[in-house]
Amino acid sequence: MAMDKHHHHQMSLTKSASRQRYNEWVFRDVPSDITIEVDGAIFSLHKFPLVSRSGRIRRLVAEHRDTDISRIELVSLPGGSGSFELAAKFCYGVNFEITAENVAQLCCVSDYLEMSEDYSKNNLGSRAEEYLDSIVCKNLEMCVEVLRQCENLLPFADELKIAGRCIDAVASKACVEQMASSFSRLEYSSSGRLHMSKQANCEDWWIEDLSILRIDLYQRVITAMKFRGVRPESIAASLVSYAQKELTQKSISGSNVQEKLVVETIVGLMPVEKFVVPLSFLFGLLRSAVMLDCTAACRLDLERRIGSQLDIATLDDILIPSFLHAGDTLFDVDTVHRILVNFSQQEGDSDDDMEDVSVFESDSPTATPSQTALFKVSKLVDNYLAEIAADANLKLNKFIAIAETLPAHARTVHDGLYRAIDVYLKARQTLSDPDKRRLCKLIDFQKLSQEAGAHAAQNERLPLQSIVQVLYFEQLRLRSALFCSYPDDDIKPIHQSWRINSGALSAAMSPKDNYASLRRENRELKLELARMRMRLNDLEKDHVCMKRDMQKSSSRRFMKSFSKRIGKKFNIFGDSSSRGSTSPSRHSERTDSKITDRT
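Not measured: the values here are computed from a predicted model.

Undergrad: Looking at this structure, how should I read the overall build of the protein chain?
TA: When its secondary structure is counted, the protein chain shows 27 helices and five strands. Burial statistics for the protein chain: of 599 residues in total, 44% are counted as buried. Residue pairs at least 24 apart in sequence account for 71% of intrachain contacts in the protein chain once pairs closer than 6 positions are excluded.

Structure below.
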């Protein structure tokens, strides 16, 4: 009973409010003879004004001729009671203005009530249609407003082609405006050639204005614009503007279902042209797509687009939080791995396309764009590995998979990879020796810089085989530096026991004997390296002395002194084994860096 009383009270309020609203224009001195109910609102009106304009009401009244006062309920009237009130005003001859805010309602309600020329000249239907075609469709801002009003009038607005006409008008007008803008920027250069001026483009007005539309109508407008040939840059700018409004400003009140629909729709609308959509925006959409669990097609499309321009990404871009896997890794490693696979595949395609060109340009000192992109991405990947390596939940297989995604020639220097692996080992003190060896196989120790090599030689976290390799290659580097300084000197060949086979165990040697052999090689390599560093230090001192003599002596006396000194130094060089400082000189460091580049 309480519910019935409450409902009756609400109906009374509705009746009183509706009476107060239309008492100003309805006939007060003539008793009402028809009651119209629309969405709970009650209108006490008169038959004659209504039946003279509306074919539908005329037909319904004819069905109630046997009663003095007819009560008619209009179900599913487009626009509800507000639209009916405008139509009733028109029937009563009350003047009101047709605007962009109400023309769509008037078109729909006049069709519903059959207010056509068949029942009255200059009826509401023809008036609204004329305003729509002659005023609205020639003004882009009004078209957008009408489309916004159409959101609550579907499917009626589509059946009457109101939305379609406005969409076509927006797309065609935007295209014409861009063409006019392009023509206005054409100018002749000093040589008489026609070209586009470099003045900044005026931003298209509709980039912001379209953001008021609901996603389904927005999608239809952008699709029509793409079909008409609107610039991809403008399309992309509009997508960014729309996403920022829908996914950030409305994120508090919006639902996940709505946001998911927005992300998937925007991804589907993106232009195919490369570099048109900002990379930071693509990463933002990808984070949203992962968090909202968008379709696989949506996420893969974003990953493919990001992969095509990964060389301009930053570390913050690819540190994508792991939204859906609580308790697993902190970052979404699988997504980044797929992006890298996309990049590698596209780089491979690029290499295949340029195969014939590279044959003729192999001696060119400048790197191809593909090579440059590889170098940049390799640094990005190594920094990423170092960032995620400390995560205790990161499995070894995933770490190795990320590191191995790029081809071997992508890294010219392995310092970054070594740093990442060292962080991984530091965070896992109990990692088994086989796993350590598997991890360190990723590193080409010949491609370590002098500083990284010196660090690795003292790094107890590395397996012993790796340390031996480091010492071996550092010895080669020092010997090469010595040979470059004095190529005629008799440098003894490297001992056979120093040949390294990547730490693989010999089938004929037990693990204990192999370990002892590696430790012995380690000691011998360190001793030989110490000797070489001393000899390089002697060379540095000799160069300093010769430079001083050059400054003090005349050219003739200097040449005699130089000849004698060179002869002595060759003899001393052959006999010297343990003199001078153990640290390499600046000159030797420069030489080492050159040798490293060659390897």
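Undergrad: Mind showing me how you'd approach unusual backbone geometry here?
TA: With an omega of 5°, the peptide bond running from L154 to P155 counts as cis. Checked against the element boundaries, P155 lands in the loop between α7 (140–150) and α8 (156–159). The backbone of D39 sits at a positive phi, close to 50°, despite the residue not being glycine. In this fold, D39 is placed in the loop between β1 (34–38) and β2 (41–45). Take D39: its relative accessible area is 60%, and that puts it in the exposed class.

Undergrad: So what exactly am I meant to see when it comes to the confidence of the model for the protein chain here?
TA: Do not read the fine detail of predicted coordinates wherever pLDDT is low. When pLDDT is averaged along the protein chain, the result is 76, and 64% of the positions lie at 70 or above. The lowest-confidence element of the protein chain is helix α27 (residues 586–598), averaging 36 in pLDDT; the highest-confidence one is helix α5 (residues 103–112), averaging 96. Low confidence marks residues 352–368, where pLDDT is under 50. Its contacts with residues over four positions away, or in another chain, come to two contacts. Between residues 489–509, whose pLDDT stays under 50, and residues either more than four places distant or in other chains, the model counts 31 contacts.

Undergrad: Can you help me understand the pattern of salt bridges in this one?
TA: Between side chains of opposite charge, a pair can form as their charged atoms come close. Counted by the stated rule, this structure contains 14 salt bridges. R220 is the partner of D158 in a salt bridge, and the nearest nitrogen-oxygen pair spans 3.0 Å. Highlighted residues: D158 in helix α8 and R220 in helix α11 (residues 215–228), separated in sequence by 62 residues. A salt bridge links D301 to R304, with the shortest nitrogen-to-oxygen separation between them at 2.7 Å. Here the residue D301 and the residue R304 both occupy positions in helix α15 (residues 296–308), the gap between them amounting to three residues, near one helical turn. Overall, the relative accessible area of 18% leaves D301 in the buried class. In this structure, a network of salt bridges that share partners links the residues E129, D133 and R165.

Undergrad: Just to check I follow, could you spell out the pairing of strand β3 (residues 70–73) for this structure?
TA: Residues in a regular strand project their side chains so that they alternate between the two faces of the sheet. Only one face of β3 is buried, namely the one carrying S70 and I72, since none of R71 and E73 on the opposite face is buried. Of the strand pairs in this sheet, β1 and β3 are connected by four bridges, and their pairing is parallel. The partner of T35 across the bridge, within β3, is R71.

Undergrad: What should I look at first to understand the packing of aromatic side chains in this one?
TA: For the coordinates displayed, the defined rule picks out three aromatic pairs. Ring centres 4.8 Å apart and planes at 45° place the aromatic pair F399 and Y424 in the tilted group. Of the two residues, F399 is situated in helix α20 (residues 396–404) and Y424 in helix α21 (residues 415–426); the sequence distance between them amounts to 25 residues. For F399, a relative accessible area of 0% puts it in the buried group. Assessed through its relative accessible area of 2%, Y424 is described here as buried. Sitting over the ring of Y112, R56 keeps its end group 4.0 Å from the ring centre.

Undergrad: Explain the nonpolar core here, please?
TA: Soluble, globular proteins show a tendency: their nonpolar side chains are buried together. F84, M225 and L310 are the most contacted members of the largest nonpolar core, which totals 145 residues. Setting aside anything within four residues of it in sequence, one finds L310 in contact with F283, I318, I339, L340, F343, V377 and L380.

Undergrad: What is the right way to look at the sheet that holds β1 in this model?
TA: Two strands in a sheet stick together by hydrogen bonds in their backbones, pointing the same way (parallel) or opposite ways (antiparallel). Spatially, three strands are ordered β2-β1-β3 in an open sheet, and the strand pairing comes out mixed. Only two strands of the sheet have a single neighbouring strand rather than two, namely β2 and β3. Shown here is a sheet whose adjacent strand axes are inclined to one another by a mean of 20°, direction ignored. Along the sheet, helix α4 (residues 80–91) contacts β1 and β2; its crossing angle with β2, the most-contacted strand, is approximately 15°.

Undergrad: Is there a simple way to explain the side chain of H414 in this structure?
TA: By the secondary structure assignment, H414 is in the loop between α20 and α21. Aside from chain neighbours lying at most four places away, what touches H414 is L442, I443, D444, K447 and L448.

Undergrad: Please explain the packing of α20 against α21 as it appears in this structure.
TA: Packed helix pairs are characterised by how far apart their axes lie and by the angle those axes make with each other. Look at α20 against α21: their axes get within 12 Å of each other, and the N-to-C directions meet at 175°. The angle between α20 and α21 falls in the class roughly antiparallel. Where α20 approaches α21, its residues L396, F399 and A403 are matched on the opposing element by L417, A420, I421 and Y424. Across the contact of α20 with α21, the residue classes tally to seven nonpolar, no polar and no charged.

Undergrad: I'm lost on α7 in this one. Help?
TA: In terms of residue burial, α7 counts as a mostly covered element, since nine of its eleven residues are buried. Every buried residue belonging to α7 is among L140, M142, C143, V144, E145, V146, L147, Q149 and C150, and all of these are buried. Capping of α7 at its N-terminal end is provided by N139; its side-chain oxygen lies 3.1 Å from the backbone amide nitrogen of E141.

Undergrad: When you look at the environment of T335 in this model, what are you seeing that I'm missing?
TA: Relative to the elements of secondary structure, T335 occurs in helix α17 (residues 333–353). With 49 residues separating them in the primary sequence, T335 and L286 have C-alpha atoms 9.4 Å apart. In this structure, T335 is in contact with L286, V290, E303 and I320, ignoring residues within four places of it in sequence. At 2.7 Å, the side chain of T335 forms a polar contact with the side chain of D332.

Undergrad: Explanation requested: the pairing of β1 in the structure shown.
TA: Judged by how many residues are buried, β1 sits mostly within the fold: five of five residues are covered. Connecting β1 to the next strand, β2, in antiparallel fashion are two residues, including D39 with a positive phi near 50°.

Undergrad: Would you explain the side chain of K436 in this entry?
TA: Relative to the helices and strands, K436 is located in helix α22 (residues 433–440). Summary of buried charges: K436 has no salt-bridge partner, and the nearest side chain of opposite charge, D433, is 4.5 Å away. Among residues more than four places away in sequence, those in contact with K436 are L425, L431, R461 and P463.

Undergrad: Just to check I follow, could you spell out the packing of α5 against α7 for this structure?
TA: α7 packs onto α5 with a crossing angle of 50° between their chain directions and a minimal axis gap of 8 Å. Judged by the inter-axis angle, α5 sits oblique to α7. Residue-level contacts link V103, A104 and Q105 of α5 to V146, Q149 and C150 of α7. Here the residues of the contact of α5 with α7 are counted per class, giving four nonpolar, two polar and no charged.

Rules used throughout
Residues numbered from 1 in each chain as written. Predicted model: local features only at pLDDT ≥ 70, side-chain atom pairs only at ≥ 80, totals over all residues. Heavy atoms only, no water. Helix = DSSP H or I, 4+ residues; strand = E, 2+ residues; numbered from the N terminus. Buried < 20%, exposed > 50% of the residue type's maximum accessible area, 1.4 Å probe, protein only. Contact = heavy atoms within 4.5 Å. pLDDT = per-residue confidence, 0-100. Salt bridge = Lys/Arg side-chain N within 4 Å of Asp/Glu carboxyl O. Pairing = 2+ DSSP bridges. Phe/Tyr/Trp six-rings, centres within 6.5 Å; stacked < 30°, edge-to-face > 60°. Lys NZ or Arg CZ within 6 Å of the ring centre and 35° of its normal. Core = buried A, V, L, I, M, F, W, Y, C linked by side-chain atoms within 4.5 Å. Axes fitted to C-alpha atoms, helices over the stretch in contact; angles between N-to-C directions. Parallel < 35°, antiparallel > 145°, perpendicular 65-115°, else oblique. Nonpolar A, V, L, I, M, F, W, Y, C, P; charged D, E, K, R; others polar. Polar contact = N/O pair within 3.5 Å; in protein donor to acceptor, adjacent residues only side chain to side chain. Lys, Arg positive; Asp, Glu negative; His and termini not counted.

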